[in-house]
Amino acid sequence: MHSDRSLAPGIPGALHLRRPGPALLAWAFVIATALVAAFLPPFATTGWADTDRSNVDLVNPFIGTAGQSATEYGGMIPSTAPPFAMTRWSPMTRQNYVSRTPYHYSDTKISGFIGTHQPAIWMGDSGYVSGMPGVGPVKTKADDRALPFSHSDEHAAADRYSVEMQAGSGRTLKTEMTGTSRVGLLRTDYPEGADSNFVLQATRAGVTGNVHIDPAAREITGYNPDRQDSKLGPFKASNFKGYFVARIDTGFDSYGTATGGTLHEGQGDRTDGDVSAYVRFPSGTRTVQVRIATSFISLEQARANLAAEAPDDQSFEQIADKTRAQWNQKLNRVRLRGATADQKAVFYTSMYHALQYPSENSEHGRYYSAYDDQVHSGISYTGYSLWDTFRAENAFLTLFAPERIDGMVTSMLNDYQEGGWLPMWKNITETNIMVGTNADSVIAEDIAKGFTGFDRKLAYKAVYKDAMTPPDRDTELAYSDRQQGTPVEARAGLTYYKRNGWVAADHTAESASRTLDYAYEDWAVAQVAKAVGETEDAEMFLKRSANYKKLYNPATGFMQARNLDGSWADGGWTEGNQWVYTLDVLHDVPGLMDLMGGKEKFASWLDGYFASGHNNHTNEPSHHAAYLYDDAGQPWKTQAKVREIAAANYANRTDGLSGNEDCGQMSAWYVLSSLGIYPVNPASGKYSVGSPFFDQAKVQLPAASRPLVISASGAADKQYVQSLSLNGRSVTKPVLSHSDLLRGGHLRFAMSDTPQSWGASASPMQGADAH
């Protein structure tokens, strides 16, 4: 997603936006398992040993936290929480909103530590809560309470964060932070002899929330109903609240509530806008711990989350170690050889980023659904940026977090049952951002890869509705980007697509991108139809998937939008142009090449595409482009281009992501590409072959019975593939299947420093220059 389009709704002068039991025994077992894992040697949970240090130590959470543009950078925060956490905990250097995250590396003051549910920079937060220690007089306004800090006094890791802030008169406040999926733990060391306090802010100006102080229980409780994307989508979720229970391990000397900067001394309950609570600690207080549990269900559930995940008898170190163990279980599944220190940082930080999405929305067997404003039993996830993540993030998850896939699909099916449609861009509920019904691709991919733990019949019913049922008022509304007051967008313009084979540019916004997306999604729906035995439907959708051909203008050699009467139209693209979208035929690259004159002419067209600077890796529609040389019979160009793109767009720096992370897609591209694979057509269950970056990657895929060792000796200086074998069997074409990888064993690349003919139908000597 990109920032060249429309304004944030209702924000004057806003930045241009991109689309943007026995339960006790069970939890005792979970906690015991995590604690044991924390003290076992690396890889004890994966079944094979390695003496290297834990890869969690190689993560640099500051990658992607800065950039020259206010919005066109990674958009990441140095959050601490386990994989897929419901609530991520971050230092807060600015108030976050749509197009602004709570932390930017260029800032010089910290005003709080926030429990955030903001999934990406172009989305809003929901039900957030923040806390801030202070010395001297209580200051409740964010700007007033902010304290200076230096990055030399700041340390971030996946499992914990710490910073020393300047509190005046040479005094420092040191705050450490760790988190579980639904609980944050802050530990602050106050200076000796200081008047110490703690402020907990529930809401901001214009948002009415509640705080309640219970001195006997040493608790601050309350709720925040703010959902910053509430103007988007049809589901208004009138009962939505982010609940919190903050339990403090030190008694209060005094307390009060506040509205903005106005203190209400001694008053322990307040429902108001810009509301916060504060407590002062007795003289001589040095160290204070605050556990802040969050919930979308209720205060009682927040307390239950606290008891389950961070009970009072567990120390800061124990909780941080538990989170560390969860990261180690994932990150230690890959061991690299022949990677530089910077490459390791980029690789493992990419895994850290990609393993945050989508985020848990359920709370130990229950979840609040903003679609029907009710609490349900079952599983739920949110942060579904599907226009971005169907491309590679979901493939990454099928490899590295397969235990989550069935639940993630079930979550989307729950959304379908409660809201009538599969999600497009779900941030707590549907936001109607971006185009296409890309859940169709995710479901088809998961079926192709053998996942069975969800209702396939229901899944087909859901994708069939996507493909066959136009949204309400389809012929009346343009369904423009971030258009307010619309029903669920689904496949906007489907009425015209079904009639003519294309979405009409003079009736529906972004029509050309939609047409190409719908053709691919029809192919994906056909795969689901086959899987459930609906063969006639499958044939119909396969036929319809050729509709991309109706946008090809042979007079120009590009895809082009069309009006309802069939005439050619200008524009109609979603965050791209005719160069990028002419390549947007993921499911039928041979058919696309035939349209463009065959393999050689297609490869020449690709040469011009790259040479003229049209490949924009900061945005997702370009992510597969380099791999198309494989289909064109010139895989050596794929191999060189992938290396070039990685070097230009990823680095071990705060500005080391060239584009917004977009819920793991940027990082998933890097991880998969560095291993030598990429899913051009994700729903096929196959991967195109590129060029591994490292001498060796030893990968223990959770679903594989033995490690997969990807070797590419000399890869640092040799980017071209001379030969490839899998467990001694020669691989002659630049494609691998998901099942190939799950067999494990040895994927052996022989590398060369000059272009080779492996996998090619053309001679590299006729065009060795990969540029």
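Refer to the structure presented above.
Below you will find a few notes about this structure. Counting starts from 1 at the beginning of each chain's written sequence and moves along it residue by residue. With pLDDT at 70 or above as the cut-off, local features in this predicted model cover only qualifying residues; side-chain atom pairs require 80 or more to be listed or tallied, and sums for whole chains, interfaces and linings still use all residues. Side-chain metrics rest on all non-hydrogen atoms present in the structure, leaving aside hydrogens and water.

1. Focus: the overall build of the chain
What counts is decided by this rule: Comment: elements are numbered from the N terminus, with helices defined as DSSP H or I runs of at least four residues and strands as E runs of at least two. Just to be clear, the radius of gyration here is over C-alpha atoms, and the globule rule we use is 2.2 Å times residues to the power 0.38. Partly exposed describes any residue whose relative accessible area lies between the buried limit of under 20% and the exposed limit of over 50%, with all areas from a 1.4 Å probe on protein chains only and scaled to the type maximum.
Helix and strand counts for the chain come out as 20 helices and 39 strands. The C-alpha atoms of the chain give 26 Å as radius of gyration, which agrees with the globular expectation for 771 residues (28 Å, within 12%). For the chain, the C-alpha atoms occupy an extent of roughly 80 × 60 × 50 Å along the three principal directions. Of all 771 residues assigned to the chain, the portion counted as buried reaches 65%.

2. Description of the side chain of Asn 649
Put simply, the test is: Under this definition, polar contacts are N or O atom pairs within 3.5 Å; protein pairs additionally need one hydrogen-donor-capable and one acceptor-capable atom, and for neighbouring residues in sequence, both atoms have to be side-chain atoms. The contact rule is simple, with two residues in contact once any of their heavy atoms fall within 4.5 Å.
If you trace the backbone, Asn 649 turns up in helix H18 (residues 635-649). Within the local environment of Asn 649, its side chain forms a polar contact with the side chain of Ser 658, the two groups lying 2.7 Å apart. The contacts of Asn 649, once residues within four sequence positions are left out, are His 617, Thr 618, Gly 656, Leu 657 and Ser 658.

3. Topic: helix H8 (residues 402-419)
Here is the rule we go by: Helix span, as expected, comes to 1.5 Å for every residue beyond the first.
Between its terminal C-alpha atoms H8 stretches 26 Å, which fits the 26 Å expected from 18 residues at 1.5 Å a residue. Among the 18 residues in H8, 14 count as buried, and that is most of the element.

4. What to know about the sheet that holds strand S7 (residues 147-156)
In plain terms, the rule: The rule for pairing is simple: two strands pair if DSSP sees at least two bridges between them. Convention adopted: a line fitted to C-alpha atoms gives each axis, helices being fitted over their contacting stretch, and angles between N-to-C directions are expressed from 0 to 180 degrees.
Ordered in space as S4-S7-S8-S9-S10-S19-S14-S13-S12-S17, the ten strands form an open sheet in which the pairing is antiparallel. Where the open sheet ends on each side, the last strands, each with one partner, are strand S4 (109-110) and strand S17 (269-273). Bridge count between strand S10 (residues 183-189) and strand S19 (residues 287-295): seven bridges; the pairing is antiparallel. Residue pairing in the sheet places Arg 187 in a bridge with Gln 289 of S19. Those strands touched by helix H4 (residues 316-331) are strand S9 (171-179), S10 and S19, and its axis lies near 45° from that of S9.

5. Thoughts on the environment of Arg 247
Inspection of the secondary structure assignment puts Arg 247 in strand S14 (residues 242-248). For the pair Arg 247 and Ser 181, spaced 66 residues apart in the sequence, the C-alpha separation amounts to 17 Å. For Arg 247, the side chain forms a polar contact with the side chain of Glu 219, separated by 2.9 Å. Looking at Arg 247, its side chain comes within polar contact range of the side chain of Asp 312, at 3.4 Å.

6. Thoughts on the nonpolar core
Heads up, the condition is: We call a set of buried Ala, Val, Leu, Ile, Met, Phe, Trp, Tyr and Cys residues a nonpolar core when their side-chain atoms join them within 4.5 Å.
Of all hydrophobic cores here, the largest spans 150 residues; its most connected members are Phe 347, Met 351 and Phe 400. Discounting chain neighbours no more than four positions away, the residues touching Phe 400 are Lys 330, Val 334, Met 351, Val 671, Leu 675, Val 699, Leu 701 and Pro 702. Core analysis: the next-biggest nonpolar cluster, separate from the first, contains 38 residues, Met 165, Ala 246, Ile 248 and Ala 277 among them.

7. Remarks on the packing of helix H7 (residues 393-400) against helix H19 (residues 665-674)
How we decide: Should an angle fall under 35 degrees it is taken as roughly parallel, and over 145 as roughly antiparallel, whereas 65 to 115 is taken as roughly perpendicular and any remaining angle as oblique. Handedness of a helix crossing follows the sense of rotation of the near helix relative to the far helix, less than a right angle counterclockwise being left-handed and clockwise being right-handed. Residues are grouped as follows: nonpolar covers Ala, Val, Leu, Ile, Met, Phe, Trp, Tyr, Cys and Pro; charged covers Asp, Glu, Lys and Arg; every other residue, Gly included, is treated as polar.
Packing of H7 against H19 leaves a shortest axis separation of 8 Å and a crossing angle of 60°. The orientation of H7 with respect to H19, classified from their angle, is oblique. Helix-helix and strand crossings are classified by hand; for H7 and H19 the assignment is left-handed. Across the interface between the two elements, Glu 393, Ala 395, Phe 396, Leu 399 and Phe 400 from H7 touch Gln 665, Ala 668, Val 671 and Leu 672 from H19. Across the contact of H7 with H19, the residue classes tally to seven nonpolar, one polar and one charged.

8. Structural notes on the pairing of strand S11 (residues 196-201)
Of all the six residues making up S11, six are buried; the element is thus mostly covered by neighbouring parts of the structure. Both strand S6 (residues 129-135) and S11 contribute to a ladder of six bridges, which runs antiparallel. Bridge pairing in S11 places Gly 134 opposite Asn 197. Pairing of S11 with strand S18 (residues 275-280), which is carried by five bridges, proceeds in the antiparallel orientation. Looking at S18, one finds that Val 199 is bridged to Tyr 278.

9. Some words on the sheet that holds strand S38 (residues 735-737)
Think of a sheet as strands paired side by side through backbone hydrogen bonds, with each pair either parallel or antiparallel. Sheet architecture is open: three strands sit in the order S32-S33-S38, paired in antiparallel fashion. Two strands lie at the open edges of the sheet, namely strand S32 (677-678) and S38, each paired on one side alone. Pairing between strand S33 (residues 686-689) and S38: three bridges, direction antiparallel. By the bridge assignment for S38, Tyr 687 is matched with Leu 736.

10. With respect to the packing of helix H5 (residues 341-354) against H19
Running from N to C, H5 and H19 point in directions that differ by 125°, and their axes come no closer than 8 Å. The angle between H5 and H19 falls in the class oblique. Handedness of the crossing formed by H5 with H19: left-handed. Counted together, Gln 343, Val 346, Phe 347, Ser 350, Met 351, His 353 and Ala 354 of H5 and Ser 667, Ala 668, Tyr 670, Val 671 and Ser 674 of H19 form the full contact between these two elements. The residue inventory of the contact of H5 with H19, partitioned by class, reads seven nonpolar, five polar and no charged.

11. Remarks on the pattern of salt bridges
Note the threshold: Should a side-chain nitrogen of Lys or Arg be within 4 Å of a carboxyl oxygen of Asp or Glu, the pair is scored as a salt bridge.
Per the counting criterion, the structure on display carries 28 salt bridges. Note that Arg 182 and Glu 360 form a salt bridge whose closest N and O atoms lie 2.9 Å from each other. Here Arg 182, found in the loop between S9 and S10, pairs with Glu 360, found in strand S21 (residues 359-360); they are 178 residues apart in sequence, far enough to count as distant. Like Arg 182, the residue Glu 360 is buried in the burial classification. Taking the shortest distance from any N to any O, the salt bridge between Lys 449 and Glu 445 comes out at 2.7 Å. Each member of the pair, Lys 449 as well as Glu 445, is classed as buried. Taken together, the shared-partner salt bridges in this structure form one network comprising Asp 440, Arg 491, Glu 521, Asp 522 and Arg 544.

12. Digging into helix H3 (residues 299-309)
Buried within H3 are the following residues: Gln 301, Ala 302, Asn 305, Leu 306, Ala 308 and Glu 309. At the N-terminal boundary of H3, the capping side chain belongs to Ser 298, with an oxygen 3.4 Å from the backbone nitrogen of Glu 300.

13. Notes on unusual backbone geometry
The linkage connecting Tyr 357 with the following residue, Pro 358, adopts the cis geometry, with an omega of -15°. Take Pro 358: it is sitting in the loop between H5 and S21. We note that His 364 has phi near 55°; this positive angle belongs to a residue other than glycine. Counting through the fold element by element, His 364 comes out in the loop between S21 and strand S22 (366-369). Exposure remark for His 364: the relative accessible area of 30% places this residue in the partly exposed category. Positioned with a positive phi, Asp 662 is a non-glycine residue whose angle comes to about 55°. Within the secondary structure layout, Asp 662 lies in the loop between H18 and H19.

14. Observations concerning the environment of Ile 447
With respect to the secondary-structure elements, Ile 447 resides in helix H9 (residues 439-448). Judged by its relative accessible area of 10%, Ile 447 is buried. Between the C-alpha atoms of Ile 447 and His 587, which are 140 residues apart in sequence, the distance is 16 Å.

15. Regarding the side chain of Gln 756
Relative to the elements of secondary structure, Gln 756 occurs in the segment after strand S39 (745-752). Excluding its chain neighbours within four sequence positions, the residues that come into contact with Gln 756 are Trp 636, Tyr 720, Val 721, Gln 722 and Pro 764.

So, to be careful, I would describe these as geometric facts and stop short of saying anything about function.
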